[in-house]
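Structural overview for review
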Amino acid sequence: MKSIRYTASPLLTSQAPVWRSKLLVVGLALMFLTMIARAAYVQVFDNAFFRHQGEARFVRTLQLPANRGRILDRNGLLLASSVVAPDVWASPADVDADLAQRRELARLLDMPLDKLQARLAATDKSFVWLKRHVDAPVAQQVADLKLAGIHQDKSYKRRYPEGEAVAQLIGFTDIENQGLDGVELSLDQRLAGHAGSRRVIRDRLGQVVEQLGEEVPPIDGQDVQLSIDVKLQSYAYQKLRDAVDAQGARSGSVVVLDAQSGEVLSLANYPSYTPGNRGELKGPHLRNLAVTDAFEPGSIMKPITVAIALDAGEVAPQTLIETAPGRYKLGRYVIHDTHDYGTLSVQGVIQKSSNIGALKIAQKLTPQRMWETYAALGLGRRPDIAFPGATTGQLRLWKDWRPVEQATMAYGYGLSASPLQIAHAYMAFANDGVLVPLSLLRRADAALVPGVRVFSVNTARAVRRMLQMAVEPGGTGTQARPVGYSVGGKTGTARKQVDGGYASRKYRAWFVGMAPVEQPRVVVAVMIDEPSAGHIYGGTVAAPVFRDVVQQALRIRGIKPDLVVEPAIVASSAAEEPS
Amino acid sequence: MLTRLSIVLMAALLVSAFYQIQMQYQSRRVVTELDRARTQGLRLAAEHERLEVERRTASKALRVESLATGRLDMQVVTPAITEYVQWRPHAPAQQGSP
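Residues numbered from 1 in each chain as written. Chains lettered and ligands numbered in written order. Predicted model: local features only at pLDDT ≥ 70, side-chain atom pairs only at ≥ 80, totals over all residues.

Right, let's talk about the overall build of chain B for a bit. The helix and strand inventory of chain B stands at two helices and one strand. When the helices and strands of chain B are placed in sequence order, the string is α-α-β. Per-residue burial over chain B gives 5% buried out of 98 residues. (Helix = DSSP H or I, 4+ residues; strand = E, 2+ residues; numbered from the N terminus. Buried ≥ 20, exposed ≤ 12 C-beta atoms within 10 Å, placed from the backbone.)

On to the sheet that holds strand S21 (residues 522-529) of chain A, then. Residue and element names in this part refer to chain A. Spatially, the five strands line up as an open sheet ordered S12-S11-S21-S20-S19, and their pairing is antiparallel. The two strands at the open ends of the sheet, each matched to only one other strand, are strand S12 (264-270) and strand S19 (488-498). With strand direction ignored, the average angle separating the axes of adjacent strands in the sheet is 10°. Of the pairings in the sheet, the one linking strand S11 (residues 251-258) to S21 comprises eight bridges and is antiparallel in character. When the sheet's bridge partners are listed, Gly252 is paired in S21 with Ile528. (Pairing = 2+ DSSP bridges. Axes fitted to C-alpha atoms, helices over the stretch in contact; angles between N-to-C directions.)

To continue, consider helix H1 (residues 2-58) of chain B. Taking 1.5 Å per residue, 57 residues should reach 84 Å; H1(B) reaches 82 Å between its end C-alpha atoms and fits that length. Summarising burial for H1(B): two of the 57 residues are buried, a small minority. (Expected span 1.5 Å × (residues − 1).)

Cis geometry is adopted by the peptide bond preceding Pro325(A), which originates at Ala324(A) and carries an omega value of 5°. Looking at the secondary structure, you find Pro325(A) in the loop between strand S13 (320-322) and strand S14 (327-330). Here the amide bond leading from Ala515(A) into Pro516(A) is cis, since omega sits at -20°, within 30 degrees of zero. For Pro516(A), the location among the structural elements is in the loop between strand S20 (501-515) and S21. Despite not being glycine, Asp73(B) has its phi angle at roughly 55°, a positive value. You can see Asp73(B) is positioned in the loop between helix H2 (61-70) and strand S1 (84-87).

As a further point, take the domain arrangement of chain A. Interface size is commonly expressed as the accessible area that is lost once the parts come together. Residues and elements named next belong to chain A. Split into domains, chain A comes out as domain 1 (56-83 + 160-226) and domain 2 (230-556). Each of domain 1 and domain 2 was reduced to a C-alpha centroid, and the two centroids are 41 Å apart. Every contact between the two is made by 23 residues of domain 1 and, on the other side, 22 residues of domain 2. Mapped by element, the contributors of at least two residues to the side of domain 1 that touches domain 2 are helix H7 (167-170) and helix H8 (182-186). Partitioned by chemical class, the residues of the side of domain 1 that touches domain 2 number 13 nonpolar, five polar and five charged. (Domains from an automatic or database assignment. Contact = placed C-beta atoms within 7 Å. Nonpolar A, V, L, I, M, F, W, Y, C, P; charged D, E, K, R; others polar.)

Attention now moves to the environment of Ala358(A). All names here are of chain A. Along the chain, Ala358 falls in helix H14 (residues 355-362). Looking at Ala358, the number of C-beta atoms within 10 Å reads 31, which means it is buried. Those residues in contact with Ala358, other than ones at most four positions away along the chain, are Lys302, Thr305, Val349, Ala410 and Tyr411.

A separate point is the environment of Glu322(A). If you trace the backbone, Glu322(A) turns up in strand S13. By the C-beta count within 10 Å, which is 13 here, Glu322(A) ends up partly exposed.

A separate point is the pairing of strand S9 (residues 208-216) of chain A. It is a general feature of regular strands that their side chains alternate between the two faces of the sheet. As defined by bridge partners, strand S8 (residues 196-202) of chain A adjoins S9(A) across five bridges and the pair is classed as antiparallel. The residue of S9(A) that forms the bridge with Arg199(A) is Leu212(A).

With that out of the way, let us pick up the packing of H14(A) against helix H16 (residues 403-410) of chain A. Residues and elements named next belong to chain A. Direction vectors running N to C along H14 and H16 enclose 125°, while the axes themselves pass 8 Å from each other. Between H14 and H16, the crossing angle belongs to the class labelled oblique. Considering only the axes of H14 and H16, their crossing is right-handed. For the pair formed by H14 and H16, the contact residues are Ala358, Leu359, Ile361 and Ala362 on the first element and Gln406, Ala407 and Ala410 on the second. (Parallel < 35°, antiparallel > 145°, perpendicular 65-115°, else oblique. Left-handed = near helix turned anticlockwise from the far one by under 90°.)

Written out as structure tokens, the structure is:
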């Protein structure tokens, strides 16, 4: 076969039209130009748009949530903390779970199956909440069901391990973890912190593969250490609860203060609520009565009246006051004592709690002097503590006082104060006449807290001696004496105001005192509202609570008994040396 | 000479390009690992906090008090209900001479 050389192929000898090759060249050139123009458009002219579109598909800004600070007691025990509690939601159109799976889901979420079915039936919606703040282990079980259309978002829930014992003090947050009441509200800014963020690129599996730019780290909220001793708080709450229930009372409050540093060691109220149960977060039991509500204090004001008179030099502890015949007419009013005590010394006025004696002592004083001392003791002023809604109480300016008002104020009517204010005022007696500011936060160095002198040292000690007599046999507060410790205190039984007048059978029982009486370490105020089980007096209703709380407060604080105790149980045994 | 230089540079360029791709891949892998470890750390911290709260809830004073008095018949301590323990240590051990 005869071969034909390539260059001699007859096909190549044929003449192609020139326009065809030119067309091809022009066509290719146009294509390249188009590509260059498009590249220039993408890379130069509209680069920002395309960059943004690219980032929108792969770049994500992740929120880095800040942890809300914890609330701790004075010994570092946990009172409030945030834990992970995911929110569970559904996209109803995507849910294909069968009845058994739905039943299991309803069981895990602790909701009726009908309710769950109703929510999942809303197929026209792309988002419905199933349950918010689900406990982490339960959320994991929900996730393990691997149900299509059921999703979870990370969320935090506030937990309060001590429950009702500290509920009104700590308060609570809303579902978005913002403080709504109590310390959670007053210290919200310190506790809250600031969320951070970081920009990342995620791959198609959702994994972070690259971080863009600088990360903004989250700033966690600060922990807050309160001055409260939770063991004492729980004990006080328990004793208060038992007393309120036993006396058929409406409510009660206990305040325990450190007599030297002014720290609040306990602030218990009953009835209380469970802060984790949102259904209970309404109603009057949310109020921290010891701080937010003011009451007429009754006879517990008498030691303050006497102290003012002692300081003014108007009376001495042994000065005699005539209280016979147990009635005293002042203008159109008649003031009574419970008995005709005859002639009493100033000490006796406190010991027997004579209204007439206190009134006659007050008559030796000017209204201005009384008002100035009341104000110096913090009455009529909002206590400077980190708590929302603390009441000022009521104390009118002395210029507006009528003579009868000055007289009634001497034994605790015509002015009002919260149990916290009363306990604080008594701190002046406990601290040799110096009033130290209150604090709900633990103080680093109590010795550095400057106080204000309200009474002289001698006056404070003389009043302490009178308060001690009031709990000894012959006094009104004998049930306030604990075992092993000397105490001093004053009973109060104040009639309640109802509809602008005083109710005949409604009372508030008070007891305020301190221990050990020679060098007090704690001041305790107890108020029980409207006891109705037969006893009404502060000496029988409130004093036993005082006794138990003081006993434990001193023991917990490691303060040695100052009285000789005859042990009820004495066992002598030899201890083995630990190996 | 110029051709050889071009070939060497081309080879170097290719090696550099492949190396960069490899490094980019490694970097992304490490970032993914880091992110996973970080998430795990946060998860464990959250779990620790949850368990801490559970522990406090189980040992809260009211519950302990209630169990102590109700189940164990214990009483609140007062100075009058006290067991005095007499300390009687063993005699100190004889020290041998060197």
